[in-house]
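Listed below are the residues making up each chain.
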Amino acid sequence: MSPTLTAKKPRRLPSKQVPEKETAPMNATAAKLLVAAGDLMIERNSTEVSLSEIAQKSGVNAALVKYHFGNKDGLLLALLARDAAAEMTNLAFVLDQPISPTEKMRRHIAGIINAYYRVPYLSRLIHLLLHQGSEATSKEVHRFFIDPLFGFVRKLLDDGVAAGEFRKVDPSLFYISLNGACDNLFYGRQMNARFLGPTGITDEVRRQYIKHMTTLFLGGLLTDRAAMSFDTEKSSVTKA
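Every value quoted in this text rests on a predicted model; they were computed, and no experiment measured them.

Criteria and thresholds
- Residues numbered from 1 in each chain as written.
- Predicted model: local features only at pLDDT ≥ 70, side-chain atom pairs only at ≥ 80, totals over all residues.
- Heavy atoms only, no water.
- Salt bridge = Lys/Arg side-chain N within 4 Å of Asp/Glu carboxyl O.
- Helix = DSSP H or I, 4+ residues; strand = E, 2+ residues; numbered from the N terminus.
- Buried < 20%, exposed > 50% of the residue type's maximum accessible area, 1.4 Å probe, protein only.
- UniProt positions renumbered as here; feature names shortened; annotations may be inferred.

Caption draft 1: Expanded view of the pattern of salt bridges. One pass over the structure, following the stated rule, counts 13 salt bridges. Note that Glu140 and Arg143 form a salt bridge whose closest N and O atoms lie 2.8 Å from each other. Residue Glu140 and its partner Arg143 are located together in helix H8 (residues 135-162), separated by three residues, close to a single helical turn. For Glu140, a relative accessible area of 26% translates into the label partly exposed. A residue is classified by how much of its surface remains accessible, and Arg143, at 31% relative accessible area, is partly exposed.

Caption draft 2: Examining the UniProt feature "DNA-binding region" (unreviewed entry) in the protein chain more closely. Sites flagged by UniProt as "DNA-binding region" (unreviewed entry) map to residues 50-69. Segment residues 50-69 splits into 75% helix and 0% strand. End C-alpha atoms: 14 Å apart.

Caption draft 3: Quick look at helix H7 (residues 122-131). Across the 10 residues that make up H7, a large majority, nine, are buried. Every buried residue of H7 is accounted for by Leu122, Ser123, Arg124, Leu125, Ile126, His127, Leu128, Leu129 and Leu130.

This is the structure we're talking about:
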């Protein structure tokens, strides 16, 4: 889920990351199929769902899957594009807020974790399409999700350095570290169950992980001056 280290520096993240054909109102039948696919993945805690099962749950003829999406990969790609569009809108909103780069990064870290928590299949769906889909499918995932996400992180890091809040770090390595750490909690659910217990990833675990990740990454990213200010703010919030 990482770009190459030689990726060109992108321009400012635009407010629309997915082409109009992907953000335009979807045909009602196609939308039903996507809802059914997502619901099944959540119910089963797995991306292993068949087209016939999706069609049955949606109440739509299975033949219409091919009509609207071409094949199963096309349907799964459209599902990810639907979910990614919402996240790209959130990124653009955060980037445009009149707040410090430190606060934007704090919100971004929380946003990644909340997105994976809100859409339980998201992490595994990304891995599935990247590593088991066709080359064309992988390129599409990079185009509408991974590349814009990396562009956001790179822009935010540049803004933080310019503001004197962030140390200068390699944006690709930072992206890999941050997204890998957030992704692993959800992608490795079975492995992590050993540490989290039978209840798994609860809302309390989500909150604790956001706090842990924020402290971990901002602790290494902030300049000494910015770190002192950040510690003061956290202390004030704790006492309030």
